[in-house]
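Listed below, chain by chain, are the residues.
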Amino acid sequence: MSGILKSLENEQDIKVMDAVDNPEKLYDILLRKEVDVLVMDIRMNDYNGIELTKQITHEFPNTKVIILSGYNFEEYVRSAFKAGAKGFIAKENSINKLADAIRKVNDGKTAISISLTDPTYSENRLTETETKVLHNIAKDMTNLDISLSLGMSKRTVEHHVSTIIQKLNCFSRVGAVVEGIKRGIIDPFYSKS
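Just so it is clear, the model here is predicted, and its values are computed rather than measured.

Q: Even after reading the chapter, I still don't get helix α9 (residues 154-167), so can you show me in this structure?
A: Residues lying three or four places apart along an α-helix face the same way, a consequence of the helix completing one turn every 3.6 residues. Helix length check: α9 (14 residues) gives 20 Å between terminal C-alpha atoms against 20 Å at 1.5 Å per residue, within 8%. Regarding α9, the residues found buried are Val157, His160, Val161, Thr163, Ile164, Ile165 and Lys167. Along its buried surface, α9 packs onto α7 (128-138), α8 (143-150) and α10 (173-182).

Q: Please clarify how unusual backbone geometry should be interpreted in this entry.
A: Most peptide bonds take the trans form, and the phi angle of most residues other than glycine is negative. A positive phi angle is found at Asp140, which is not glycine, with a value near 65°. In this structure, Asn169 is a non-glycine residue whose phi angle is positive, near 55°. As for its position among the elements, Asn169 is in the loop between α9 and α10.

Q: Got a minute to help me understand the layout of surface pockets in this structure?
A: Gaps left between atoms show up when a probe the size of a water molecule is rolled over them. If you add up the space inside the largest pocket, you get close to 770 Å³. Taken together, 31 residues form the lining of the largest pocket, with Met17, Asp18, Val37, Leu38 and Val39 sitting closest to its centre. Those elements that provide at least two residues to the lining of the largest pocket are α1 (2-9), α2 (23-32), β1 (37-41), β2 (43-44) and α5 (95-106). When residues of the lining of the largest pocket are assigned to their parent elements, the largest contribution, five residues, is made by β1.

Q: Any chance you could explain the sheet that holds strand β6 (residues 111-112) here in plain terms?
A: Two pairing modes exist for strands in a sheet, parallel and antiparallel, and in both the strands are linked by backbone hydrogen bonds. Reading across the sheet, the four strands line up as β1-β4-β5-β6 and stay open at both edges, with parallel pairing between neighbours. Across the chains shown, the open sheet's two edge strands, defined by having one partner strand only, are β1 and β6. Taken together, the two bridges between strand β5 (residues 87-90) and β6 define a ladder with parallel strand orientation. By the bridge assignment for β6, Phe88 is matched with Ile112. Sitting on the sheet, helix α4 (residues 74-82) is in contact with β4 (64-69), β5 and β6, with an inclination near 150° to β5. Packed on one face of the sheet, α5 meets β1, β4, β5 and β6 and runs near 155° to β4.

Reading guide: rules and limits
- Numbering of residues starts from 1 in every chain and runs along the sequence as written.
- The predicted origin of the model limits local features to residues at a pLDDT of at least 70 and limits the giving and counting of side-chain atom pairs to 80 or more, whereas totals for whole chains, interfaces and linings rest on all residues.
- With hydrogens and water excluded, all non-hydrogen atoms of the structure serve as input to the side-chain values.
- Helical segments are the DSSP runs of H or I of at least four residues, strand segments are the runs of E of at least two, and each set is numbered from the N terminus.
- Take the number of residues in a helix, subtract one, and multiply by 1.5 Å to get its expected span.
- Only protein chains enter the accessibility calculation, which uses a 1.4 Å probe; a residue is then buried when its area is under 20% of its type maximum, exposed when over 50%, and partly exposed in between.
- Any two residues having at least one pair of non-hydrogen atoms within 4.5 Å are treated as being in contact.
- In this analysis a 1.4 Å probe is tested at points of a 1 Å grid over the protein atoms alone, and where it fits but cannot get out there is a cavity; an open set with protein on both sides within 12 Å along at least five of seven lines is a pocket; lining residues have an atom within 4 Å of a point.
- Grid points are joined across faces, edges and corners, and a volume is the space filled by probe spheres set on the points.
- Here the rule is simple: two strands pair whenever DSSP picks up at least two bridges between them.
- Note on definitions: angles span 0 to 180 degrees between N-to-C directions of axes, and those axes are lines fitted to C-alpha atoms, for helices only across the stretch in contact.

In short, the description is geometric, and any link to function would need to be established separately.
In structure tokens, the structure reads:
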């Protein structure tokens, strides 16, 4: 992060106000200073950057958020924009792309560094039904519970679970939940009720 900071400080039209590593410090800055554009990592210690984006854009509507992520998944991008982000930049992109994204977002435009129509992103994307099944897995429901909840046969649920595990490139239901959280498909603070 220090490399990014130094590079941004060299941009004459961008003023870097501060850099923080936890939400408490971030809120302190947002309450004291007027921040036009906030560049936030998708992971901040144990916090989910997408959830923080949702809170920040609600509480500080004049602050525009750009999510910086090491994960280039379409689900992350969609979740970020749904949460109110105005930009999503992959960490692998050059500093110039981030600087350009900051300028675009500051001008009221959106900035994104991946194509949502790229087939490599959509081929492993969960369907709406698979997403519902994954949410129920995250609630620690059995296949039978899920079948009753969603009104489908247990065998159909088993097929969906198998497809989810395959699409998310993991080996178990627990792995699917972890990967679902990583990709922003499900909220890490899901309700078990």
